[in-house]
Amino acid sequence: MNNIVAIVGRPNVGKSTLFNRLIQRREAIVDSVSGVTRDRNYGKSEWNGKEFSVIDTGGYVRGSDDVFEGEIRKQVELAIDEADVIIFVVDVEEGITPMDDVVARLLRKVTKPVLLAVNKVDNAMREKDALEFYNLGLGEYFTFASISGSGTGDLLDALIEAFPVKPEPVQEEVVLPRFAVVGRPNAGKSSFINALIGKERFMVTDIAGTTRDAIDTKFDRFGFEFNLVDTAGIRRKAKVKEDLEFYSVMRSVRAIEHADICILVIDATRGFEGQDQSIFWLAEKNRKGVVILVNKWDLVEKDTMSTRDYEEKIKKELMPFTDVPILFVSALTKQRLLKALEATVQVYENRQQRIPTSKFNEFMLKVIEAYPPPATKGKYVKIKYCMQLPTPTPQFVFFANMPQYVKEPYKRYLENKIRENWDFSGVPIDIYIREK
């Protein structure tokens, strides 16, 4: 196991900037509004050949009216439980605030190593100002400036020394499949992941847009092993009012690009709306496997709509790509969650499958013989050979004497025949016609 470092402190002292500097990617959203990081954000970092994981927490706040504050506090306490070393970030510009005292009191009880890091120290005057942080009773402190990166080297050296000694594992890291949980804000994505991993990894409130960053969680239960990515809900462009919302939408789009399979969570009480469709087509355009979960099914009046009607309605919107698993779940009551996982893993396997060329020809050439491409201008198209390409997503090529006369409807016919004979449920397929 890697060592884990938690970065804690009150809102807006620069924790996320330090986090981004450590993992060398723009993962956590950084904004001058305080309290932007609402969930714990995980990333990997490395210093002097030592790898470690970093947790960026939401700011630690006591007695504030923000609904998220209480939740952030729970998150910080959880992060402190998980970490081997804690970096407590304070801000030299504002000095010690009552909130810093509260956090320090919490940290003095912790038996783990705590490094006090004073941020925004970029000149000699501020070095003097930093002396007051001895009053927090946490011993030595480190001064640094997270934006420019000055001083982070000393902090990291101390961090590596503070790690507990762990036996070196000799296990190769396997690249796990990545499943992104996507959907519009407040469809229940975080509740779904929390229900799966049985840990409150995400903040859940009734307000749409609580999860603002895309967060990876390793999942290893019930014989499945993969990475789950929860993303901020994707909103329509016009609705992206706060900048934060915009960042989060961008992050979700990125999460879709990096995932293998997208689990699209939709809200049963709202139906399959335009926004859900655009997320679906975004995943399809990126050639990702898709599973649709209709969440909050426990809230729907059952006599007004059965699952079959609901499924028909969704499939009508998805034409022509209707070969997609649709499951009705409830993250709250944990109804059919395992089934949802099984379906997702199945879609992942479908996306990986390879059809031997001989078998593929044997079946497809009979199909083509029974219903050849329509003749155009008295010219007959002959297809004599076909195969699956060695690409990460399923792509098939058919060799014809006049490929330009094979039109879209015939390609769709070929795709349907492939789907009838092999299970490619939830996976987009590409068909190419080439000259032999």
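Residues numbered from 1 in each chain as written. Predicted model: local features only at pLDDT ≥ 70, side-chain atom pairs only at ≥ 80, totals over all residues. Heavy atoms only, no water.

## Considering the environment of Glu317
Logical step 1: Its location among the elements puts Glu317 in helix α9 (residues 307-318).
Logical step 2: Residues Glu317 and Phe272 lie 45 residues apart in sequence; the distance between their C-alpha atoms is 8.2 Å.
Logical step 3: Discounting residues that sit within four places of it in the chain, Glu317 has contacts with Phe272, Gln277 and Trp281. (Helix = DSSP H or I, 4+ residues; strand = E, 2+ residues; numbered from the N terminus. Contact = heavy atoms within 4.5 Å.)

## Let's talk about the pattern of salt bridges
Logical step 1: Considering all chains together, one arrives at 12 salt bridges under this definition.
Logical step 2: Taking the shortest distance from any N to any O, the salt bridge between Arg287 and Asp430 comes out at 2.7 Å. Taken as a pair, Arg287 in the loop between α8 (274-285) and β11 (289-295) and Asp430 in strand β15 (residues 430-435) lie far apart in primary sequence, 143 residues in all.
Logical step 3: Residue Asp430 is classed as buried on the basis of its relative accessible area, which comes to 12%. (Salt bridge = Lys/Arg side-chain N within 4 Å of Asp/Glu carboxyl O. Buried < 20%, exposed > 50% of the residue type's maximum accessible area, 1.4 Å probe, protein only.)

## Quick notes on the pairing of strand β7 (residues 178-182)
Logical step 1: Burial runs high along β7: four of the five residues are buried.
Logical step 2: Pairing of β7 with strand β10 (residues 261-267), which is carried by four bridges, proceeds in the parallel orientation. Each residue of the ladder has a partner; that of Val182, found in β10, is Leu264. (Pairing = 2+ DSSP bridges.)

## As for the packing of helix α6 (residues 189-197) against helix α10 (residues 337-352)
Logical step 1: At a minimum axis separation of 11 Å, α6 and α10 run at an interaxial angle of 95°. Judged by the angle between their axes, α6 and α10 are roughly perpendicular. Of α10, the residues touching α6 (which contributes Phe192, Ala195 and Leu196) are Leu337, Ala340 and Leu341.
Logical step 2: Looking at the contact of α6 with α10 residue by residue, the classes come out as six nonpolar, no polar and no charged. (Axes fitted to C-alpha atoms, helices over the stretch in contact; angles between N-to-C directions. Parallel < 35°, antiparallel > 145°, perpendicular 65-115°, else oblique. Nonpolar A, V, L, I, M, F, W, Y, C, P; charged D, E, K, R; others polar.)

## Some remarks on the nonpolar core
Logical step 1: The biggest cluster of nonpolar side chains holds 28 residues, and the ones touching the most others in it are Phe179, Phe192, Phe219, Phe226, Leu228, Ile263 and Leu293.
Logical step 2: No other element matches the seven residues that α10 contributes to this core.
Logical step 3: In this structure Ile263 touches Phe179, Ala180, Val181, Val182, Phe192, Leu228, Val291, Leu293 and Thr344, once residues within four positions along its chain are discounted.
Logical step 4: Among the nonpolar cores identified, the runner-up in size contains 25 residues, and Val182, Ile266, Tyr310 and Phe328 belong to it. (Core = buried A, V, L, I, M, F, W, Y, C linked by side-chain atoms within 4.5 Å.)

## Remarks on the packing of aromatic side chains
Logical step 1: Here the structure, examined in full by the defined rule, presents 17 aromatic pairs.
Logical step 2: Relative to Phe321, the ring of Phe280 has its centre 5.8 Å away and its plane inclined at 35°; by these criteria the two rings are tilted. In this pair, Phe280 is assigned in helix α8 and Phe321 in the loop between α9 and β12 (326-328), connecting sequence segments 41 residues apart. Judged on exposure class, the residue Phe280 and its partner Phe321 are both buried.
Logical step 3: What links up through ring pairs into an aromatic cluster is the set Phe360, Phe363, Phe396, Phe398, Trp422 and Phe424. (Phe/Tyr/Trp six-rings, centres within 6.5 Å; stacked < 30°, edge-to-face > 60°.)

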